[in-house]
Structures are given as C-alpha cells and as structure tokens.
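An overview of the molecular structure
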Amino acid sequence: LLDLERSVLWQLIERKSGMMLLSHTHQPPESRLPDSPFDAGGNFPWLIRRMLQREIVAFTSLNDLPPEADSDRELLKTLGVKAAIVLPLSVGGEIIGALSFGRLREESTWRENVVKRLQLVAQIFANVLARKQTEDELISSLRFETLLAEISARFVNLPAGRIDAEIEDAQKLICQCLGLDMATLWQWTDDTPRFLILTHVHTPPEGPFRPERIDAQEAFPWVLQKLMIGETLAHNTEKLPPEAARDQETLRLYGIKSSLVVPLSVGGGPLIGALSFDSLRQERFWPEPIVREIHMVSQIFANALARKFGELELRESEARLQVQLAEIESLKQKLEKENIYLREEIELQSVHEEIVGRSPAMKRILILAEQVARTDATVLIEGETGTGKELLARAVHQLSARKDRPLVTVNCASLPPTLIESELFGREMGAYTGAMTRMTGRFETADKATLFLDEIGELPLDVQPKLLRVLEEGSFERLGSTRTQQVDVRIIAATNKDLARQVDAGSFRKDLYFRLHVFPIHLPPLRERPEDIPPLVWTFVKQFEKKMGRRIDHITLNCMDDLRRYLWPGNIRELRNVIERAMIVCSGRTLDIHPPDGNFAVESADFNLEDAERRHILEVLRQTGWRLSGQGGAAVILGIKRTTLQSKMKKLGIRRSAQ
C-alpha cells in the first residue's frame, strides 16, 4: 500500500543485552535478512537506545542519522537501506520489540499521517504478540509443571538402587519438554583434594559427551567458582567474560552453545554438586520461570541422592561384620592360590591405559581382538619388541568372560631354563635340591582365568611337551608329584621371533607351534603406522603432565613430522622414552621433541644390508648407553640374545669407540 520494499518485526529476547529475534518479515528475495537471534544492542546501539526509550526513529536518508549513530549507519548501508522508520512495540509501558518499514530503492520522507497510522499498526501487533506470548508461556508452564509433578511423584519412596536410572530418565524428559539437547549432573568425590565428576548424563546418540570422569576444577574453573558461592549461571558460550576463557574452551570442545547451571545442595547446606541443562544446536535464553523450575528439579535430585547415600551407608553399616568375615575367608583362599606377584599384576590391571590407535591396521587388530575375546581360543600375538603385545593381551582378557579373574603373566625369557618348569607347573617340597617349600605354579594360579606367556619363543625345548599337554588336555603334574592337576586356563602367547623359522631350525616343536597358532594376531611396528604417532604422543604427554605437574598446550608441526618420519626401532616403548625425556627438559607450554639422530625413513639408500644392520645396532646401543643385557638393554630392544648381539657386534666391527 505504501510502496515500501521491506518490513521487519523484531522481538526483544533479553533487555539487558538488547538481544532480539527477527520473527516476521516482508522483504525482496534478493536482499534477505538473517532469521537467527540477532544482537541488536551490539549492531544497532544508537537505534536500540532510542527504542528502549520508546522513541520513534524516522529518517529520509542515512545522512540524517547523527554522528553517534555511525555504526548503525554502516550496517544499514550494508543491508541496502535508503530510508526507514522504526517504531517501538510496547504493552503496558514495557518494550517487547520493534517494527520497522524501509525503502531500498530510493530515499523517502515520512508524512505525519503515515507515521500515526503505522503507530496504530505497531500497537495492534504488540497486543497480539503479548497475548500470544502469554498463552505460549502458560501452555509451556502447565506442561512443565505437570512433568515436574510426575517426576516428584516418581522419587517418593524410590529404592536407592533405582535413583540413578530415574535421574537420567528425568533428565531426558526435561530436555524433551524444554527442547534442550543435553543434561549433566556433577557430584563431589570423596577424594583429597576433592573435585567434581560427571555422574549422570543425558545426551543425544551423536552428542559429544560420554559417561566418564571429568575434572571440573580443570575444565570449568570459572563456573565452579560461581557455584561455590551459590550462584546460578545462565549463559551462552560465546558471551562468556574473558576470565572464563578456560570454561569457554571446554564448552566449545563439547559443542555446547548455551547452558543453565544450578548448584546442588540439600536444605541450603554445603554444595554437593551441580545440575546443568545445555543446548548444542543454538544459543538459548533462559527466562526466570524456567530458572525457578529447574531449581525445583535440582532440589528433587539433591534430596534423592542424599537419601540414596544414606540408605547405602546404613546397609553397609548393618552388613559390615558379615562382609569382613567373608573378606577374611576370601583372602585366605586367595593367598593359598595367588602369590605377591599376582597381587602386583592386579594393581597393574587397574591402571593400564586403553590402546591408542587410529590407523586401519590397528582398527583391524582391535576387531580381531574383540572377535577372539568372546571365545576361549588360544591367541598368538606376534610383533617386534615394544609394539604393545602385552597391552593387547590385557585387552583380549578384559573383553573376555574371564575378566573378573586376573591375567597371570609369565615372561619366558626372564626365567632361567632350570626354574621355568617349576614356575609354570609348581613343585612339591623336596622336588629338587633347594626346594624347601611347596610352590603353586602359574597354571594353578590362572585356573578359570587367563595365562599370558610372553616371549614364548624362548621356552626351553624340554618344557615344551609339558606345555603342549596342558594346552591339549588341561592337565599336568607338579615337579616331584605324581598327582595329575586339572585346570581350565585360557592361553595368550606373544613373541617377537619368527616361530615358523624356529620350527624349521629345530628349536621349537612343530606340534606346539600349531597348537599356539590357532588365532594369530600380528602387531605391526610403529614405522608401518605413522598415523598412530600423534595420538600416542598426546597420550604420553597427558600421562607425564600428571606425573610431573606440567602442562603442555602445543607441539610444533615440524616436530610431529620428524616423529612420523623416524623409523622407531624400539617402537612404542622408544617413543614413550623420547616423550619422557622431552617433558623433563621442557620449560614452557610448547613441547620441543626430536627423535634420536638417524634412522629416518628415506625413499632410497646407498648402503647395503650389512651397513643398515650396523647402523641400526649402533643406534640402539646409543639409546641404551651401550648396555647390552637386562631390562631395557640393547639385546631386549633388538629381540635377540646377548650372546647373539655380541657375535654380531664382533662381525660388524662395532666397538665402543665406533660411536
């Protein structure tokens, strides 16, 4: 009717920040405005101030705007506006938005009678929007209050064992009701020093969170500081203050756009945790009624958790005597079957790290491990020294039905040939000279569990038939005994040698080889999967950060490229040692890592096989300080005997002076 090109209606979402939502438009297709939440206070500071003061702004030309409206003028120019009128929308004296009409083709004046009629239109729109908003809020409030009553009823007389599941179900229902993506509940630990951990979470399947421990003091220091003084936080990630930079970094990592975080306490007592509801797709604004209702939810959860802990503590107190007696009996039985070494192995199991690897080769290996773990089949893990054979063996065991029993480990290369038979199968007192006591063997200890035979290629020939019998029949006799023992043991073996070649050479029994070779898994050396090096580097860095009290933020691209190009004769073990040394000498937050000199991958070489062998042995000797034998010695890293290494050094002319 008025021959105008554009009309927009903005609704005020947050008065303090001037955040407005473009909700209704009429505009040419070729010059559309954004339809997402728009920071009008930041983009049109002069216009928003006039609007909040209930002033009508009308200009026939951008040049009519005063100097203090320079930023407004520039954005209007970018949007193609030649002339415009902006009318505040108010109901009962409260501003709820703005209505504007504009010309895009030419400048224009605004007659007084037109302005008055547009004021009437603005008032009609304001009344309609206010009524709609009131109805929407009423419907939303009733729906949420109904849900709140349902949730509250669920927790009445709820058994302690069902409280955790009901909390996560309630988190899901609230997210669905309010159109949110994620809900998390943190609780204090009983550790010293205390920190917050994630205990209950609802997230979409594609969401970033998984149920795991999260150190809130490290990840959310600013949020935690506010919660400790009882503050509720309703914020958008990109609008956090500078002092919340660490919190902002963590929120971005998890893809969180907006959060409402409420402290958890019982009856106004000390903080026991925090409840958070989050939006992953877009920024949200948190009206006061929603905040009040979430506070009520937090009280329901806090009281339920307090009741749960009280009930559990009461049950534990009532049954403590019975539990102690059962533990004593259990310890007696365990001490009879397991020695101190086995307890150390159990402790190692509780801290061993997850296998790190993103290469196709490692993914295939993990798939094979998952497949064979479900069976009791014998597994043979082949690979060079330092490739993680024992770690893979532990992974197979942990995925198996025997995971509740320990993984018993025997290193066949570390035991003298004269003792390995008694170590494996046990002995009776007096079985041989010096056998002053009866000893339980590893096979008995591993009954109903898993036995890991590391360096199986070093097993003496005279012991191999007895091992074969156990594998085939599950029976053996202790040294010095005629009584047959029957055991149920799952065998995982590992070697860095070519067992087939040892069979041909007559140093390993063919029938035992085929019995072990039921399900072979070959671990490739690190040089064949360089894409695994960056995640391994960062895994070791994080481990040493906790040990050394350091923090590393960056590793240069050149350093990482050098690590990928290096041949790593000592594989993952060598990489870990290099990272540890670099962490020790590092003084800042950028880690400067350099692999040992030499052994870089090249496209071609001008030296023969003997030269290559000589260079490789020299490099390993430099790494070990010319230590030939023992744990971490050159012979162990190279996967050969000390006498073989000495023979090769003599043949290749390697002497200490040759370095």
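As the structure is a computational prediction, the values presented were derived from the model and not from experiment.

Further remarks concern the overall build of the chain. Secondary structure assignment for the chain yields 23 helices and 20 strands. Across the 659 residues of the chain, 45% fall into the buried class. Residue pairs at least 24 apart in sequence account for 65% of intrachain contacts in the chain once pairs closer than 6 positions are excluded. Surface accessibility of the chain: about 35,400 Å² in total, with carbon and sulfur atoms responsible for 52%.

Here we come to the side chain of Arg-490. Summarising the element assignment, Arg-490 is placed in strand 17 (residues 490-495). Buried charged residue Arg-490 carries no salt bridge. Nearest counter-charge: Asp-376, at 4.6 Å. In this structure the side chain of Arg-490 is engaged in a polar contact, spanning 2.9 Å, whose partner is the backbone oxygen of Val-372. Here Arg-490 is in contact with Val-372, Ala-373, Thr-375, Asp-376, Ala-377, Val-379, Val-396, Ser-400, Arg-402, Ala-449, Thr-450 and Leu-451, once residues within four sequence places are set aside.

Another aspect to go through is empty space enclosed by the protein. Counted by the stated rule, this structure contains 3 cavities of 30 Å³ or more. Estimated volume of the second largest cavity: approximately 90 Å³. In terms of lining, the second largest cavity is formed by 13 residues, of which the most central are Trp-186, Phe-220, Leu-251, Ser-276 and Asp-278. Counting residues per element, the ones that place at least two in the lining of the second largest cavity are strand 7 (182-188), strand 10 (258-265) and strand 11 (271-279). Here the lining of the second largest cavity is built from residues that sort into 8 nonpolar, 4 polar and 1 charged.

The strand order across the open sheet formed by 5 strands is 8-7-11-10-9, and the pairing between neighbours is antiparallel. Each having just a single partner strand, strand 8 (196-202) and strand 9 (233-236) make up the two edges of the open sheet. The sheet shows a mean angle of 20° between the axes of neighbouring strands, direction not considered.

On to the packing of aromatic side chains, then. Evaluated as defined, the whole model comprises 7 aromatic pairs. Here Tyr-566 and Trp-568 contribute two aromatic rings whose centre-to-centre distance is 4.5 Å and whose plane-to-plane angle is 90°, an arrangement assigned as edge-to-face. One exposure class covers both Tyr-566 and Trp-568, and it is buried. Connected via pairs of aromatic rings, a cluster forms that spans Phe-425, Phe-443 and Phe-476.

For the structure shown, the criterion picks out 35 salt bridges. Its salt-bridge partner being Arg-50, residue Glu-55 comes within 3.2 Å of it at the nearest N-O pair. Residue class for Glu-55 comes out partly exposed when judged on its relative accessible area of 34%. Across the pair Arg-589 and Asp-553 runs a salt bridge whose closest N-O atoms are separated by 3.3 Å. In this pair, Arg-589 sits in the loop between helix 20 (571-585) and strand 20 (590-591) while Asp-553 sits in the loop between helix 18 (533-548) and strand 19 (554-555), placing the two residues 36 residues apart along the sequence. On the basis of relative accessibility, which here comes to 29%, the residue Asp-553 falls in the partly exposed class. Through salt bridges with shared partners, a single network forms among Glu-218, Arg-246, Glu-249, Arg-551, Asp-553 and Arg-589.

Below, the discussion takes up the confidence of the model for the chain. Note: predicted coordinates in regions of low pLDDT should not be interpreted at a detailed level. When the pLDDT values of the chain are averaged, the result is 82; 88% of them are 70 or greater. Per-element confidence in the chain ranges from a low mean pLDDT of 36 for helix 10 (residues 340-351) to a high of 94 for strand 17. Confidence drops under pLDDT 50 across residues 336-353; counting only partners more than four residues distant or on other chains, this segment forms 33 contacts. Long-range and interchain partners of residues 602-606, a stretch whose pLDDT sits below 50, account for 0 contacts in this model, where long-range means more than four residues apart.

Time to look at helix 11 (residues 360-373). Between its first and last C-alpha atoms helix 11 spans 20 Å; for 14 residues at 1.5 Å apiece the expected length is 20 Å, and the two agree. Buried within helix 11 are the following residues: Ala-361, Met-362, Ile-365, Ala-369, Val-372 and Ala-373. Around the axis of helix 11, the buried residues are gathered within 100° of arc, so they sit on the same side. Where the residues of helix 11 are buried, they touch strand 12 (379-383), helix 12 (389-398), strand 17 and strand 18 (519-523).

Criteria and cut-off values
- Each residue is numbered by its place in its chain's sequence as written, counting from 1.
- With the structure being a predicted model, the display of local features is reserved for residues of pLDDT at least 70 and the display and counting of side-chain atom pairs for 80 or more, all residues being used for whole-chain, interface and lining totals.
- Side-chain numbers here rest on the full set of heavy atoms in the structure, without hydrogens or water.
- In DSSP terms, a helix is any run of H or I states spanning at least four residues, a strand is any run of E spanning at least two, and both are numbered starting from the N terminus.
- Burial status follows relative accessibility: with a 1.4 Å probe on protein chains alone, a residue under 20% of its type maximum counts as buried, one over 50% as exposed, and anything between as partly exposed.
- Note on definitions: a residue-residue contact is assigned when non-hydrogen atoms from the two residues lie within 4.5 Å.
- Shrake-Rupley sampling with a 1.4 Å probe provides the accessible areas, and residues are treated as covered by the protein chains on show and by no other component.
- His residues and chain termini do not enter the charge count, which takes Lys and Arg as positive and Asp and Glu as negative.
- For salt bridges, the criterion is a side-chain nitrogen of Lys or Arg within 4 Å of an Asp or Glu carboxyl oxygen.
- Any pair of nitrogen or oxygen atoms within 3.5 Å is treated as a polar contact; in protein, a donor-acceptor pairing is required on top of that, and neighbouring residues in sequence qualify only through side-chain atoms on both sides.
- Here a cavity denotes grid points, spaced 1 Å and computed from the protein atoms alone, that fit a 1.4 Å probe unable to get out, and a pocket denotes an open set having protein on both sides within 12 Å along at least 5 of 7 lines; residues with an atom within 4 Å of a point are the lining.
- Grid points are joined across faces, edges and corners, and a volume is the space filled by probe spheres set on the points.
- For this classification, Asp, Glu, Lys and Arg are treated as charged, while Ala, Val, Leu, Ile, Met, Phe, Trp, Tyr, Cys and Pro are nonpolar and the rest, including Gly, are polar.
- At least two bridges found by DSSP between two strands are what make those strands a pair.
- Each axis is a line fitted through C-alpha atoms, and for a helix only the stretch in contact is used; angles between axes span 0 to 180 degrees, taken between their N-to-C directions.
- Pairing of aromatic rings covers Phe, Tyr and the six-membered ring of Trp, with a centre-to-centre limit of 6.5 Å; geometry is then stacked below 30 degrees between planes, edge-to-face above 60, and tilted otherwise.
- Scored from 0 to 100, pLDDT records how confident the predictor is in each individual residue.
- Given the number of residues in a helix, its expected span is that number minus one, multiplied by 1.5 Å.
- What the arc describes is the spread of directions from the helix axis to the C-beta atoms.

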